[in-house]
Structures are given as structure tokens and as C-alpha cells.
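Fold and geometry: a report
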Amino acid sequence: MGLVVIVGPPGSGKTTIGRALAAALDAPFRDVDADIAAAAGKPIPDIFVDEGEDHFRALEREAVRRAVAEHDGVLALGGGAVLAEATRKLLADVTVVHLRVDLGEAVKRTEIDKGRPLLQVNPRATLRRLMDERLPLYREVADIEIDTTGREVADLTAELTARLAVRTVDVRDADTPYPVLIGRGTTDRLPEFLGKAARVAVLHTASTAALAERVGALCPDGVEATLMELPDAEDGKTVAVAEQCWEALGAEGFTRTDLVVGVGGGAVTDLAGFVAACWLRGVAVVHVPTSLLGAVDAAVGGKTGVNTAAGKNLVGAFHPPRAVLVDLDHFATLPVRDLAAGLAEVVKAGFIADPVILDLVEADPEAALDAQSPVVAELVERAIAVKAEVVASDLKEGGLRAVLNYGHTFAHAVEKLEDYRWRHGDAVAVGMVYAAHLNAITGRVDLVERTKAVLDSLGLPTTYEAGRWDEIVKVMKIDKKNVGATQRFVLLDALATPVVVDDVTADQQREAYGRLTG
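So, how was this worked out
- Residues numbered from 1 in each chain as written.
- Predicted model: local features only at pLDDT ≥ 70, side-chain atom pairs only at ≥ 80, totals over all residues.
- Heavy atoms only, no water.
- Helix = DSSP H or I, 4+ residues; strand = E, 2+ residues; numbered from the N terminus.
- Buried < 20%, exposed > 50% of the residue type's maximum accessible area, 1.4 Å probe, protein only.
- Contact = heavy atoms within 4.5 Å.
- Pairing = 2+ DSSP bridges.
- Axes fitted to C-alpha atoms, helices over the stretch in contact; angles between N-to-C directions.
- Polar contact = N/O pair within 3.5 Å; in protein donor to acceptor, adjacent residues only side chain to side chain.
- Expected span 1.5 Å × (residues − 1).
- Arc of directions from axis to C-beta.
- pLDDT = per-residue confidence, 0-100.
- Salt bridge = Lys/Arg side-chain N within 4 Å of Asp/Glu carboxyl O.
- Core = buried A, V, L, I, M, F, W, Y, C linked by side-chain atoms within 4.5 Å.
- Patch = residues over 30% accessible without salt bridge, like charges linked within 9 Å, V, L, I, M, F, W, Y side chains within 5 Å.
- Areas by Shrake-Rupley, 256 points an atom, 1.4 Å probe, with all protein chains shown as cover.
- Parallel < 35°, antiparallel > 145°, perpendicular 65-115°, else oblique.
- Nonpolar A, V, L, I, M, F, W, Y, C, P; charged D, E, K, R; others polar.
- Disulfide = S-S within 2.5 Å.

Remarks on the overall build of the protein
A count of helices and strands for the protein gives 21 helices and 16 strands. Based on the C-alpha atoms only, the size of the protein along its principal axes is roughly 95 × 50 × 35 Å. Looking at the 518 residues of the protein, the share that counts as buried comes to 53%. Sequence separation of at least 24 residues holds for 74% of the intrachain contacts in the protein that already meet a minimum separation of 6.

Regarding the sheet that holds strand β8 (residues 199–205)
The strand order β6-β7-β14-β11-β10-β8-β9 describes an open sheet built from seven strands, whose pairing is mixed. The strands lining the two open edges of the sheet, one partner per strand, are β6 (167–171) and β9 (224–230). Direction aside, neighbouring strands of the sheet carry axes that sit 15 degrees apart on average. Examined bridge by bridge, strand β10 (residues 259–264) and strand β11 (residues 284–289) share six bridges and lie parallel to one another.

Notes on the sheet that holds strand β2 (residues 29–31)
The five strands lie next to each other as β2-β3-β1-β4-β5, forming an open sheet whose pairing is parallel. Among the strands making up the open sheet, the edge pair consists of β2 and β5 (144–147). The sheet shows a mean angle of 20 degrees between the axes of neighbouring strands, taken without regard to direction. Where strand β1 (residues 4–7) lies against strand β4 (residues 95–100), four bridges are found, and the strand directions are parallel. Note that in β4 the partner of Ile6 across the bridge is Val97.

A word on the environment of Val433
When you line up the elements, Val433 lands in helix α18 (residues 424–441). A sequence separation of 17 residues divides Val433 from Arg450, and the C-alpha atoms of the two residues are 9.6 Å apart.

Focus on the side chain of Arg163
Note that Arg163 resides in helix α8 (residues 153–164). At 3.3 Å, the side chain of Arg163 forms a polar contact with the backbone oxygen of Glu145. Setting aside residues no more than four positions away along its own chain, Arg163 makes contact with Ile144, Glu145, Ile146, Arg184, Gly185 and Asp188.

Structural notes on helix α10 (residues 239–252)
Between its first and last C-alpha atoms α10 spans 20 Å; for 14 residues at 1.5 Å apiece the expected length is 20 Å, and the two agree. For α10, the complete set of buried residues consists of Val241, Ala242, Cys245, Trp246 and Leu249. The buried residues of α10 occupy an angular sector of 145 degrees when the element is viewed end-on, so they sit on one face. Residues Gln244, Glu247 and Ala251 are exposed on α10 and point more than 90 degrees away from its buried face. In this fold, the buried residues of α10 make contact with β8, β9 and α11 (266–278). Once α10 ends, the next one or two residues include Gly253, with phi positive near 75 degrees.

Some thoughts on the confidence of the model for the protein
When pLDDT is averaged along the protein, the result is 89; 94% of the residues meet or exceed 70. No element of the protein has a lower mean pLDDT than helix α6 (residues 103–112), which averages 70, and none a higher one than helix α19 (residues 448–457), which averages 98.

Considerations on the pattern of salt bridges
Taken as a whole and assessed by the stated rule, the structure comprises 38 salt bridges. Close ionic contact of Asp35 with Arg30 constitutes a salt bridge, the shortest N to O distance being 2.7 Å. Residue class for Arg30 comes out buried when judged on its relative accessible area of 18%. Its salt-bridge partner being Lys237, residue Asp270 comes within 2.8 Å of it at the nearest N-O pair. One end of the pair, Asp270, is in helix α11; the other, Lys237, is in the loop between β9 and α10, with 33 residues separating them in the sequence. Each member of the pair Asp270 and Lys237 is classed as buried. Salt bridges here are not isolated pairs; linked through shared partners, they connect Arg151, Asp155, Glu159, Arg163, Asp188 and Arg214.

Here we look at the nonpolar core
Residues Val180, Val326, Phe331, Phe410 and Tyr434 are the most contacted members of the largest nonpolar core, which totals 84 residues. Excluding residues that lie within four positions of it along the chain, Phe410 makes contacts with Val430, Gly431, Tyr434, Tyr464, Ile472, Met476, Tyr513 and Leu516.

Points about the environment of Ala309
Tracing the backbone shows Ala309 in the loop between β12 (303–308) and β13 (311–318). Separated by 71 residues in the primary sequence, Ala309 and Thr238 have C-alpha atoms spaced 9.8 Å apart.

Some words on helix α4 (residues 53–70)
Helix length check: α4 (18 residues) gives 25 Å between terminal C-alpha atoms against 26 Å at 1.5 Å per residue, within 8%. Buried within α4 are the following residues: Phe56, Arg57, Glu60, Ala63, Val64, Ala67 and Val68. In an axial view of α4, the angular spread of the buried residues amounts to 125 degrees, which keeps them on one side of the axis. Away from the buried face of α4 by more than 90 degrees, exposed residues Asp54 and Ala69 are located.

Re a nonpolar patch on the surface
A cluster of nonpolar side chains, contributed by Val239, Leu314, Val315 and Ile478, occupies part of the molecular surface with about 290 Å² of accessible area. Secondary-structure assignment places Val239 in helix α10. We classify Val239 as partly exposed; its relative accessible area is 40%.

Let's talk about the packing of helix α13 (residues 336–352) against helix α14 (residues 355–363)
Interhelical geometry of α13 versus α14 gives an angle of 130 degrees and a closest axis separation of 6 Å. Between α13 and α14, the crossing angle belongs to the class labelled oblique. Residues Val346, Val347, Ala349, Gly350 and Phe351 of α13 pack against Pro355, Ile357 and Leu358 of α14. Of the residues in the contact of α13 with α14, the class split is seven nonpolar, one polar and no charged.

Quick look at the state of the cysteines
Scanning all chains against the criterion turns up zero disulfides. Free of any disulfide, Cys219 has its nearest cysteine sulfur in Cys245, 17 Å distant. No disulfide involves Cys245; its sulfur sits 11 Å from that of Cys278, the nearest cysteine. In this structure Cys245 comes out as buried when scored by relative accessible area, which is 4%.

This is the structure:
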């Protein structure tokens, strides 16, 4: 499982919670303070009395070094272990959990244990000083931070177990490989990806303002965070909004080493990526998607863009992020309809590359719509892995990447005709049914009924209104996949065998529309 190190002030529960966490993970537990006492042959208070704190710190540094090198499990450090720079460097390469606690509760807990040499005189004032001094150091080394105040050990253990179950999908494109972290609490990992930034611009909408403030607060001392609120949804994806962001970056003195963070759904990450791609011809961007759709679609792949009167995403740039932090905790408050819309892109990944996705949804549609279920975590990981593999082979949509647009030719036309009032996932669902009809009509695989059944089980639309064909075909003719006057469609020769074709006739397109609306 690898090493998990627990740090925190006296009274935060490092040993108690560390033991419980180790048991939950079926891993060994080790306590550096116990190692020190065993090596010295005397209790830690006696070491302080006989040899002094400097001698104890030397023993502590060596004990930590040895434990980090040897142990595979959960390791609890003493409250002051992070004071040593050498120790903090060791912790840079392992998973570190910082346990917080408020002063009042810490005092109550430490009063029970009289064997704390630094808290013998005026414990409350001393503990306050120690907590204030060490908090920046705990945060410097921590990957996960959790407040233990007033909480039961079992509850804390369950949360930590979930947050430690972070999966990483590496997007290995030819230009700039980057990780996609998938799990609970991954937002807290932002400081790992700040690089040399002195300024961070956090782009968000009103609905994600509270989260944006928390993201800004994650920036360490010396890094200034500026929050920029965008209009909601597709209204924020315009050149005019991007220009306002650039003006703000100029006013804040953003340089090439500074960072943009997109906090929100796909519209926010698209806009944030576009702003970052154009400012100074490219600054780093990190995405924190807050919707399932944004996580599996817009945030991964490096495609950025804005909408114009001519259509959706016709102006943009390829600009891979430095990292994508897919925090499953953000999905817990999403309405079921929004989760379902996000799952449309997941289902698409199942049809074009990973049929296990379809099996999981068909086996338990209710679990697929439960943001807390492990099924959702697996679906998200699988969908992102599909996109990562395709993107790695075709960063700039020269050929293979077009398969990610299965169902999107019709979907984008619907979105434009509906003035973007439709959820993207709803449009993609209808677009996949249209594509499934085209598959069958052109003599390819017939997946119409399976497509409709999977989407129906998630409450997604599978039909569109009749009488709008002339409008739809006009929009489809300016699809990004087209080459000149030649229309191109992504279809399936078989399940998980996508192809890009340019021989679908006008009559076949109209017939598929008739079946979709009939």
C-alpha cells in the first residue's frame, strides 16, 4: 500500500487514529516516539531530562529516517518532527496526513497524558505557541488535511480511508504529460502543482465561489491568490469574458511562472484553459472540475475554447493542464439529473473503447447515479483512462482523437438550436442514439436498442423533436470534424471499434433523423 505518515500537534490523535487507520487498511502501524524510547532504553520524558531537547531531536531525526526507509504501512510522527528540514525533505516523496485539532480539545486530550515534556508548564499557552509555530510546517508536508475536533475515531478513519484511495491516470501526450488525480479530497493536493508561481488566479462561477475561496486558501505563504468570478455556464465561454480575465491578469502582474486554476464545470475549465493558453502565449493551468461531466470531458485532454455566434468551441487552443484534480467529494451535492448528464460522456467511452463501463451501468444503474458509490469512482476512472489513451496518441485531433466525438456531431447541432439551454450530456445522449441509427443504416453494428436501454436506465433522453431536419443539417455541416465540404461522422464498426467515415449520404442522415424522432 505504500507509506502513510501521520503528522499533527500534540492532542490531535496521531497514535489513536494512526492505529485505527492501519487496521482499516490491513497494514502495520509504527510510532516514531515508541522507536525512540526503545532505542534509548528510557521514556521520552527521561531523555528530555537527562540529555535535553537537542539530543532528543537528533534521535528523532534518525528514527524518522530509518522508519521512512523501512516501513510500509501507517507511521505516526511526534508533534515536533517536522521542525527538521531533513525530515520535511524525506516526507516530500510519501503520503502525509495532517491531523488538525482546535486548542481547547487539544488541551483536554493532553491533560490526560502527563508524559509530554514540553507541556509541563502552562500547557495551554505552550500548546497554543507550538500549534501556531508548526502549522505552516505541517501544511508544507501534508497531502491530506483533516480536522479531528469533536469527531469519532471511526468516522475519521472512514474518511481517511476514502481519501487515501486516490487513483492516478497519467495523460502521456507527446508535449506535456500530466496526472489526473481521482479520489476524495484531491483538491487539497493543489499545492503540489503550484511550481514557481507567485500568483494564482482562481476562475470560478457564483455557484463555486465557496470552493474557490478554499482553493485560494490552499496557496502557501508567499503565493497570492486572486479570485475571478465568471458568468454561469456557457454565458462565461465568450471572448469578451476571456478579455476581462486577461485585463485582470495584467493588472495583477501575472508572469509566465504564475498559474491559472479553473474551479467549476466544463464551461469554467474550457474558459480557464483558453485564458491560460493565450496569456503571454501560455501559462500553466490546473483544473478542479466540480461536475461529473467536466471531470470526464472538458478538464482532460487540453482542448480549450469559447463559443461564438457561429457555433460552440469553434475558437480555442490546445493547452494541456499541469494537473487535473478530480475530487469525488464535489459530486455529492450534484442533482441526479446533472450526474446523469455527466454519465452520458462516460457511456460514450464505453461504446467507443471500454465495454466494461456499459456492463457496470447495466448491472446497477442506481449505483451509477449515487455519487458516494464506488461504482461512480470506477466509472470516472475508466472514462478518463479512455480519453487519456486517445489524447496520448493524438494531442491535436489529427485523426484518432476524433473518435471521442462519437454522438457529438448531432449533439452540437442540438445544443446550438436550443441556444445551449440543453445540458451537454443530454444532447450527447440523443446524439449517440442518432449515431447508433447511422451505424445500423450504413450496415455497421446495430446497437440501437442497447444504446437506448443504457441511456433510459440513467434517465437520459433518447429522442428529439421532428420537423427540424433542415436546421440540424445546416449546423452539422460546420462541424469541426468536417474537411471542406465533406461531412465526417464517428461511427462504430463493432462495439469498441470506432471509425471516422466520410461516406454517409444525405439520405442516410435524414433516415436516421426520422428513426430518432419517430
